[in-house]
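Reading the structure
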Amino acid sequence: MMLTENGAVLCHVDDLKEGGTKGFLENEAGQDLLFVVKFNDEFYGWRNACPHVNNAPMAWRKDAYMDAKKQHVACHAHGALFEPDSGLCIQGPCLGKTLEKVPVYVNSMGMVSILLTDIN
């Protein structure tokens, strides 16, 4: 990750395969603050915080945010499944709630970035 004047370059589009996820900006506990999903050749950013229990982290290991079929974002602590493009919970204890979106931007060189003001 590279910090710029008002944002952070997270990765290149080729760093994620279809259905792949990658977490960024670790906190003091070593947990990612956000993650990016590549789904249907688009990139989506989400806070690493399940809406079910006090914003619990979702991955069961580093960068493991999708279910086994690579079709849904999964909270491995609660079994919730979320649509990767809308963040809507479609199964589990937070049914109908959504993940908190972090807008991501892809530039002409294929760099995926966020604005730092979007994660505060």
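Here's what I pulled together on the structure shown here.

Definitions and cut-offs
Residues numbered from 1 in each chain as written. Predicted model: local features only at pLDDT ≥ 70, side-chain atom pairs only at ≥ 80, totals over all residues. Heavy atoms only, no water. Helix = DSSP H or I, 4+ residues; strand = E, 2+ residues; numbered from the N terminus. Buried < 20%, exposed > 50% of the residue type's maximum accessible area, 1.4 Å probe, protein only. Lys, Arg positive; Asp, Glu negative; His and termini not counted. Salt bridge = Lys/Arg side-chain N within 4 Å of Asp/Glu carboxyl O. Contact = heavy atoms within 4.5 Å. 1 Å grid on protein atoms, 1.4 Å probe; cavity = no way out; pocket = protein on both sides within 12 Å on 5 of 7 lines; lining within 4 Å. Points joined across faces, edges and corners; volume = space filled by probe spheres on them. Nonpolar A, V, L, I, M, F, W, Y, C, P; charged D, E, K, R; others polar. Pairing = 2+ DSSP bridges. Axes fitted to C-alpha atoms, helices over the stretch in contact; angles between N-to-C directions. Core = buried A, V, L, I, M, F, W, Y, C linked by side-chain atoms within 4.5 Å.

**Some points on unusual backbone geometry**
Within the chain, Asn-40 stands out as a residue other than glycine whose phi angle is a positive 55°. In this structure, Asn-40 sits in the loop between β4 (32-39) and β5 (42-47). Notably, Lys-70 is not glycine yet its phi reads approximately 60°, a positive angle. With respect to the helices, strands and loops of the structure, Lys-70 is situated in the loop between β5 and β6 (73-75). Since its relative accessible area comes to 44%, Lys-70 is described here as partly exposed.

**Remarks on the side chain of Asp-67**
Relative to the elements of secondary structure, Asp-67 occurs in the loop between β5 and β6. In this structure, Asp-67 is buried with no salt-bridge partner, the nearest side chain bearing the opposite charge being Lys-69 at 6.9 Å. With residues up to four places along the chain from it excluded, the contact list for Asp-67 reads His-72, Ala-74 and Leu-81.

**What to know about the layout of surface pockets**
Counted as a void, the largest pocket has a volume near 170 Å³. Here the residues of the lining of the largest pocket are counted per class, giving 5 nonpolar, 4 polar and 4 charged.

**Observations concerning the sheet that holds strand β3 (residues 21-26)**
Here 3 strands make up an open sheet; going across it, the order is β3-β4-β5 and the pairing antiparallel. At either margin of the open sheet sits one strand with a lone partner, and together these are β3 and β5. Shown here is a sheet whose adjacent strand axes are inclined to one another by a mean of 25°, direction ignored. By the bridge criterion, 6 bridges tie β4 to β5 in an arrangement that is antiparallel. Bridge pairing links Lys-38 to Phe-43 in β5.

**Observations regarding the pairing of β4**
Within a regular beta strand, the side chains point alternately toward one face of the sheet and then the other, so they alternate between its two faces. Burial analysis of β4 places 7 of its 8 residues in the buried class, the great majority of the element. In this structure, β3 lies alongside β4, joined through 5 bridges in antiparallel fashion. For Thr-21, the partnering residue across the bridge sits in β4 and is Val-37. In textbook terms, the turn of a hairpin is the stretch between consecutive antiparallel strands, and for β3 and β4 this stretch comprises 5 residues, one of which, Gly-30, has a positive phi near 80°. Adjacent in sequence and paired antiparallel, β4 and β5 are bridged by 2 residues, among which Asn-40 carries a positive phi angle near 55°.

**Regarding the nonpolar core**
Residues Phe-35, Val-37, Met-58, Val-73, Phe-82 and Leu-99 are the most contacted members of the largest nonpolar core, which totals 16 residues. Secondary structure elements with two or more residues in this core: β4, β5, β6 and β7 (80-82). With residues up to four places along the chain from it excluded, the contact list for Val-73 reads Phe-35, Val-37, Met-58, Tyr-65, Met-66, Ala-80, Leu-81, Phe-82, Pro-84 and Leu-99. In terms of nonpolar packing, the next biggest core, distinct from the first, is built from 15 residues, Cys-11, Leu-16, Leu-34 and Val-104 among them.

**Some details on the pattern of salt bridges**
For the coordinates displayed, the defined rule picks out 5 salt bridges. Of the charged contacts, one joins Asp-63 and Lys-22 as a salt bridge, the two residues approaching to 4.0 Å between their closest N and O atoms. Of this pair, Asp-63 sits in the loop between β5 and β6 while Lys-22 sits in strand β3, and the two are 41 residues apart along the sequence. You can call Asp-63 partly exposed: its relative accessible area is 22%. Judged by relative accessible area, Lys-22 falls into the partly exposed class, the value being 29%.

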